[in-house]
Each structure stands twice: as structure tokens, then as C-alpha cells.
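Below, each chain spelled out in residue letters.
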Amino acid sequence: MSRELMQQNIEKAQQEIDAKKEIVKNGEMRQHYHFMPQTGWMNDPNGLIYYKGKYHFFFQYNPYYGFWDCMHWGHAVSDDMLHWEYLPLALAPSEAYDNHLRGGCFSGSAIEHDGKLFLMFTGTANNGNGFEQTQCIAYSGDGIHFEKYEGNPVLTAPEGVPTDFFRDPKVWKHGDTYYMVCGASRSNRAQALLYRSKDMLHWEFFNVLAESRGEWGYMWECPDFYPIGDKYVLMFSPMGAGERTVVYLVGDFDYETGKFDYHVNGEIDWGFDYYAPQSFEAPDGRRIIVGWANAWDWMPFWKDWGPTYREGWCGSYNIPREVRLLEDHTLQFVPIREIETIRTDAWQQEDIVIKQEKTIVKAGDGVSFECKLKVNLEQTDAEQLEIVLRSGEGKQTVCTFDFIKSKMSVDRNNSDGWSKGVSESTLYLQDKKELDIHILSDQSSVEVFANQYRNNHSLNIYAGSTQNETYLCSCGGKTVLKKIEAYGLKECNR
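All values reported here derive from a predicted model rather than from experimental measurement. (Residues numbered from 1 in each chain as written. Predicted model: local features only at pLDDT ≥ 70, side-chain atom pairs only at ≥ 80, totals over all residues. Heavy atoms only, no water.)

Trainee: I'd love a proper account of the overall build of the chain, names of residues and values included.
Mentor: When its secondary structure is counted, the chain shows one helix and 33 strands. Summarising its shape, the C-alpha atoms of the chain cover approximately 70 × 50 × 40 Å along the three principal directions. By residue count, 62% of the 494 residues in the chain fall in the buried class. Long-range pairs, those at least 24 residues apart, make up 61% of the contacts in the chain between residues at least 6 apart in sequence. As displayed, the chain has an accessible area near 19000 Å², and 45% of this comes from carbon and sulfur atoms. Averaging the positions of the 49 positive and the 71 negative side-chain charges in the chain gives two centres separated by 2 Å. (Helix = DSSP H or I, 4+ residues; strand = E, 2+ residues; numbered from the N terminus. Buried < 20%, exposed > 50% of the residue type's maximum accessible area, 1.4 Å probe, protein only. Contact = heavy atoms within 4.5 Å. Areas by Shrake-Rupley, 256 points an atom, 1.4 Å probe, with all protein chains shown as cover. Lys, Arg positive; Asp, Glu negative; His and termini not counted. Charge placed at Lys NZ, Arg CZ, Asp CG, Glu CD.)

Structure, rendered in C-alpha cells:
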């Protein structure tokens with residue numbers, strides 16, 4: 001054990017953060033109300049938990065510059081998931097199982113055990129046999145300062161699973177037993193492996209919770225498993241499954257056998273920038289998920305991680321979403337209601353007819369805003385409704401609802417001179433009388449939710465503040481809106 005080395009590495013990282021954070025926070029592309037790091041690179045959300053009266057976000061973190069590298073765990077707390085206090089780093093590489101330049105303390109989760117906050121994370125190192133990923137434990141009495149367990153690693157890759165495809169433990173408790181699901185690959189097919197423990201330290205393999213037969217790729221990253229209503233949900237980010245960035249499966253789970261039988265599947269988000277979501281239970285019983293607003297270079301249509309590295313940072317999280325189960329066992333992913341507390345400059349109209357010419361929407365400053373629309377499908381005869389976001393300087397992001405082709409798309413090819421791609425999803429509207437649309441815009445991102453929060457598109461765009469016009473127009477007829485409401489959203493991050 002190298003307690004002193006971990007503390008030294010945390011202190012070294014903190015000095016780097018303190019030296020740069022005042023400069024970085026003034027970057028032109030910094031988000032206004034989405035969670036992001038003070039400096040450096042951030043990817044997967046880790047250890048999301050409500051603990052001792054606070055929301056805790058841990059996160060994959062390289063504090064030194066705006067690219068992925070040796071992974072630490074950052075840490076912040078909040079009362080509302082919007083306003084954040086940054087705490088000292090929770091974990092830094094320090095041991096033979098996690099101390100490597102292209103490794104470190106990879107993704108994991110948090111749980112309360114014996115009055116302490118326990119973290120379970122993937123240690124990644126290369127000691128001459130290629131990258132080896134193992135599951136490890138750290139714990140804290142005060143929820144701030146953590147110590148790695150002397151018995152680490154508590155799990156190594158089982159036979160048949162490559163040592164570099166065994167990661168991202170998500171832990172929970174049922175009855176008097178702890179359970180953990182972990183992403184893996186065997187025979188080039190993805191698996192979610194299920195383990196169990198009585199004390200959080202000694203783990204035994206239980207079963208293969210679920211696996212791909214080829215249709216869901218060769219590796220499941222950041223698997224998460226949780227109950228909702230009378231069903232269970234397995235969600236993961238698949239590698240090798242085409243355009244899918246994050247998938248959910250809904251079905252039934254048997255604690256006696258450790259097997260999950262799913263009969264519904266869907267996409268959490270159809271955009272380019274939603275990956276590795278993790279869930280937790282809020283104190284009021286809501287199941288909340290948080291995703292990383294970016295993706296990896298193996299994803300189709302991947303461009304890169306964006307130009308924010310020039311400002312000394314990269315990465316933010318999508319707005320937290322509440323998961324809700326519908327009667328047909330599909331899922332909704334609804335932005336948390338806390339967003340209403342930062343609304344300002346309300347503007348709304350009712351019974352509006354949208355034609356080919358522009359209909360301007362007054363949405364805050366046109367950069368950081370929220371907009372909600374209700375389309376009257378019975379009176380609409382348009383072929384398409386276009387919502388043009390962040391327009392100006394000859395650039396714009398175009399969200400199109402195609403009523404003839406039953407398709408929703410978000411086009412960012414002309415958003416900022418940097419981003420590329422058109423995200424698409426099927427928009428099933430047969431026998432429906434109304435289409436709901438909900439938009440959240442921030443300095444460097446747009447999130448568009450539609451069709452009862454089942455058609456969701458999250459995309460990063462790096463538009464300047466002068467790109468601040470929002471307008472609607474119809475193609476091939478008229479679109480009738482029952483209502484449109486818009487708000488500015490207050491700054492949370494400065």
C-alpha cells in the first residue's frame with residue numbers, strides 16, 4: 001500500500017487545479033448550468049449517490065489538460081444537482097494495480113456500508129503483460145478523504161475474459177447481500193457479469209446477468225442494473241453495436257438464479273454525445289441517471305472531443321434525467337424538475353400557426369435557455385417542422401420533425417465550423433393527437449427531448465454567444481402549436 005503516494009498525487013493534482021481554475025472558468029465555451037470539471041478532462045460519471053444530505057458526483061478525471069490520460073476520481077457535492085461545490089480528489093493512481101500513464105482509477109460506483117462511503121472502481125495498469133483491469137475498493141469515514149483497501153484487487157478477470165475487457169463495477173444492496181454488475185467480453189461477445197458479497201470486500205461470481213449474441217456488440221461499458229416499478233432495467237454503452245451509444249433493456253430478474261430475462265429494448269439517447277450513464281436513487285425515490293456528454297473514437301460519425309481543450313478543459317455531463325416506466329414497459333428519460341428553479345424571463349404563447357416564414361422564439365439570451373412546445377397533430381398538415389437553434393453568423397443547428405417520413409433529426413453540420421453529423425431517430429406518431437418537444441440549450445450543447453421523452457438527442461455544438469436566435473418554420477403546410485413556453489436559465493457554474 002502507498003497511502004503517502006496517493007495523497008501526494010492528490011495534492012499535486014490539486015495544485016494544478018488551483019493554479020488554472022480561475023483562468024479556465026472564464027473560457028468562452030464553458031457551460032452555464034451543466035456539470036463540468038474545474039480544469040482538465042472529464043469523462044464517465046462515477047459513484048453517483050445521495051449521502052449524508054448531499055448529492056455526490058465522482059467523475060473520471062485528468063486534472064492536468066483537456067485530453068484523456070491517467071485517470072483520477074474527481075469529487076463534487078450539491079443540494080440540487082445544479083450548483084456544485086468541488087471537493088478534494090477522491091482517488092489518484094498509487095498502486096501496482098492502478099499506477100500507469102494510460103491507466104489509473106477507472107470507472108466504478110459508490111454505496112454506503114457500515115456507516116462509511118465505499119467506492120468500487122476498476123484499477124488499470126500494465127506491468128508487462130498488457131493492460132490488466134481489476135476491481136478494487138476504497139472507503140471513507142467522512143465521505144471526503146478515501147483510503148484504498150489493503151486487500152485490493154478484490155476481483156480479477158475470470159477465465160475466458162480478456163484482462164483489458166473487465167471493468168466498470170456498479171454495486172447495490174438487496175436484503176443483506178451486496179451485488180455488483182461488471183462489463184466484460186468473452187468470445188468477442190459482450191457480457192454483464194454478476195457478483196455478490198456479504199461484506200463488500202470478499203466477492204464471488206454469481207452468474208452471467210445477460211449477454212450479447214452479437215446484436216449488442218462485443219463489450220458492454222458502464223453497465224447499470226436497477227429496479228423500476230415491478231421490472232428491472234439493464235443499461236450499458238455497447239462497443240461494436242453500430243450507432244448505439246447507450247441501450248436499455250427492461251425485463252424480469254430472479255435473485256435466486258441471478259439471471260435477467262429482458263423483453264423490451266430501447267435507446268436512451270439518439271444523439272452523438274450521450275455515453276456511460278450511471279443511475280442512483282434520490283432521497284424522494286426518483287431514479288436519476290447522468291451521462292457523459294461526449295463519446296469515443298470508435299463511435300460512428302465521431303468527429304473528436306471538440307475544441308474546448310484550447311481553454312484547458314474538456315467534458316461536461318448531460319442534464320440529470322429521471323427514469324420513468326410506461327405501461328408498455330418502455331422508458332422515459334425526463335430532465336430533473338430542479339431545472340425549474342433556475343428559470344428566468346418566462347415567455348409563452350398559445351394557439352400559434354407556424355408557416356414557412358420565420359416565427360421567432362424569445363428564449364432567454366438565446367444561448368442558455370429552455371423551450372417547450374406542444375404540437376397539435378390533428379390540425380397540422382405540414383410535412384416538416386423545423387426548429388432552428390443557435391442561429392447567427394451564418395451558422396445554425398437545425399432540429400427537424402418530419403411528419404411524412406416519421407423521423408426526427410438534429411443537424412449540426414453548420415453549427416460551428418467544427419462539429420459534424422446528423423443524428424436521426426424514428427418518430428412514431430400514429431394515432432397520436434399531440435407531440436411534445438422539450439429543448440435545453442447551453443453554451444456548448446443542445447438536448448432535444450420529444451414524444452414523451454423517448455426520442456432524445458444530445459449533441460455538443462461549439463457555437464459563439466452571438467449565435468443566439470431561435471426560430472420555427474414549417475415546410476409543405478402549416479404546423480399548429482397548442483402552446484410554446486420558453487425561459488432563460490440562470491448561471492450555475494461561476
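After presenting the structure, the write-up continues.
Trainee: So what's going on with the environment of V247? Residues and values would help.
Mentor: Tracing the backbone shows V247 in strand β15 (residues 247–254). Sequence spacing of V247 and G266 is 19 residues, and the spatial spacing of their C-alpha atoms is 5.9 Å. Beyond its immediate stretch of four places on either side in the chain, V247 contacts W216, L234, M235, F236, P238, G266 and E267.

Trainee: Describe the nonpolar core, listing the residues and the values that go with them.
Mentor: Counting 53 residues, the largest nonpolar core has L91 and L119 as the members making the most contacts within it. In this structure L119 touches F58, W73, A90, L91, S109, A110, C136, I137, A138 and F146, once residues within four positions along its chain are discounted. If you look at the next biggest cluster of nonpolar residues, it comprises 34 residues, including F403, L429, L435 and L481. (Core = buried A, V, L, I, M, F, W, Y, C linked by side-chain atoms within 4.5 Å.)

Trainee: So what's going on with the sheet that holds strand β30 (residues 445–450)? Which residues, and what values?
Mentor: In spatial order, the strands read β22-β33-β24-β29-β30-β31; together these six strands make up an open sheet with antiparallel pairing. Looking at strand neighbours, the two that pair on one side only are β22 (343–354) and β31 (455–460), the edges of this open sheet. Ignoring which end each strand starts from, the neighbouring axes of this sheet average 10° apart. Bridge count for strand β29 (residues 434–442) against β30 is six bridges, and the pairing is antiparallel. (Pairing = 2+ DSSP bridges. Axes fitted to C-alpha atoms, helices over the stretch in contact; angles between N-to-C directions.)

Trainee: Give a description of the packing of aromatic side chains that names residues and reports values.
Mentor: Counted by the stated rule, this structure contains 41 aromatic pairs. Aromatic side chains F58 and F146 sit 5.8 Å apart centroid to centroid with 80° between the ring planes, which places their arrangement in the edge-to-face category. Of the two residues, F58 sits in strand β2 (residues 54–62) while F146 sits in the loop between β7 (131–140) and β8 (147–148), which places them 88 residues apart along the sequence. Pairing F225 with F253 gives two aromatic rings, centres 5.0 Å apart and planes at 80°, and the pair type is edge-to-face. Taken together, the residues F225 in strand β13 (residues 219–228) and F253 in strand β15 connect sequence positions 28 residues apart. Exposure class is identical for F225 and F253. Each is buried. Each residue in the set W172, Y179, F206, F225, Y232, F253, Y255, F260 and Y262 is aromatic and connected to the rest through ring pairs, giving one cluster. The positively charged end of R196 is found above the aromatic ring belonging to F206, 3.8 Å away from the centroid. Taking NZ or CZ as reference, R343 lies 4.2 Å from the ring centre of Y487, over its face. (Phe/Tyr/Trp six-rings, centres within 6.5 Å; stacked < 30°, edge-to-face > 60°. Lys NZ or Arg CZ within 6 Å of the ring centre and 35° of its normal.)

Trainee: Give a description of the environment of D164 that names residues and reports values.
Mentor: Note on placement: D164 falls in the loop between β8 and β9 (166–174). Distance in space between the C-alpha atoms of D164 and A184 is 8.8 Å, their sequence separation being 20 residues. Excluding residues within four positions of it along the chain, D164 makes contact with F131 and Q133.

Trainee: A description of the side chain of D442 should follow, citing residues and the corresponding values.
Mentor: With respect to the element layout, D442 can be found in strand β29. The buried charged residue D442 lacks any salt bridge, with R390 as its nearest oppositely charged partner at 7.0 Å. Sequence-distant contacts of D442, defined by excluding residues within four places in its chain, comprise Q31, H32, Y33, H34, V367, S368 and R390. (Salt bridge = Lys/Arg side-chain N within 4 Å of Asp/Glu carboxyl O.)

Trainee: Could you give me a rundown of the pattern of salt bridges, with the residues and numbers involved?
Mentor: Taken as a whole and assessed by the stated rule, the structure comprises 29 salt bridges. A salt bridge links D69 to R102, with the nearest nitrogen and oxygen atoms 3.4 Å apart. Taken together, the residues D69 in the loop between β2 and β3 (72–78) and R102 in the loop between β4 (84–86) and β5 (104–113) connect sequence positions 33 residues apart. Assessed through its relative accessible area of 12%, D69 is described here as buried.

Trainee: Give me unusual backbone geometry: which residues, what numbers.
Mentor: Cis geometry is adopted by the peptide bond preceding P153, which originates at N152 and carries an omega value of -5°. By the secondary structure assignment, P153 is in the loop between β8 and β9. With a phi close to 50°, R390 is a non-glycine residue in the positive phi region. Looking at the element boundaries, R390 is found in strand β25 (residues 384–392). Unlike most non-glycine residues, N451 shows phi in positive territory, near 55°.

Trainee: Summarise the sheet that holds strand β1 (residues 40–51); cite the residues concerned and give the values.
Mentor: Sheet architecture is open: five strands sit in the order β4-β3-β2-β1-β19, paired in mixed fashion. Every interior strand has two partners, whereas the edge strands, β4 and β19 (313–314), have only one. Of the pairings in the sheet, the one linking β1 to β2 comprises seven bridges and is antiparallel in character. Note on β2: the bridge partner recorded for P45 is F59.

Trainee: Account for the side chain of T479, naming residues and giving values.
Mentor: When you line up the elements, T479 lands in strand β33 (residues 479–489). Among the polar contacts listed, one links the side chain of T479 to the side chain of S474, at a separation of 2.7 Å. Discounting residues that sit within four places of it in the chain, T479 has contacts with I352, V353, I354, V375, T380, A382, Q384, L385, F403 and S474. (Polar contact = N/O pair within 3.5 Å; in protein donor to acceptor, adjacent residues only side chain to side chain.)

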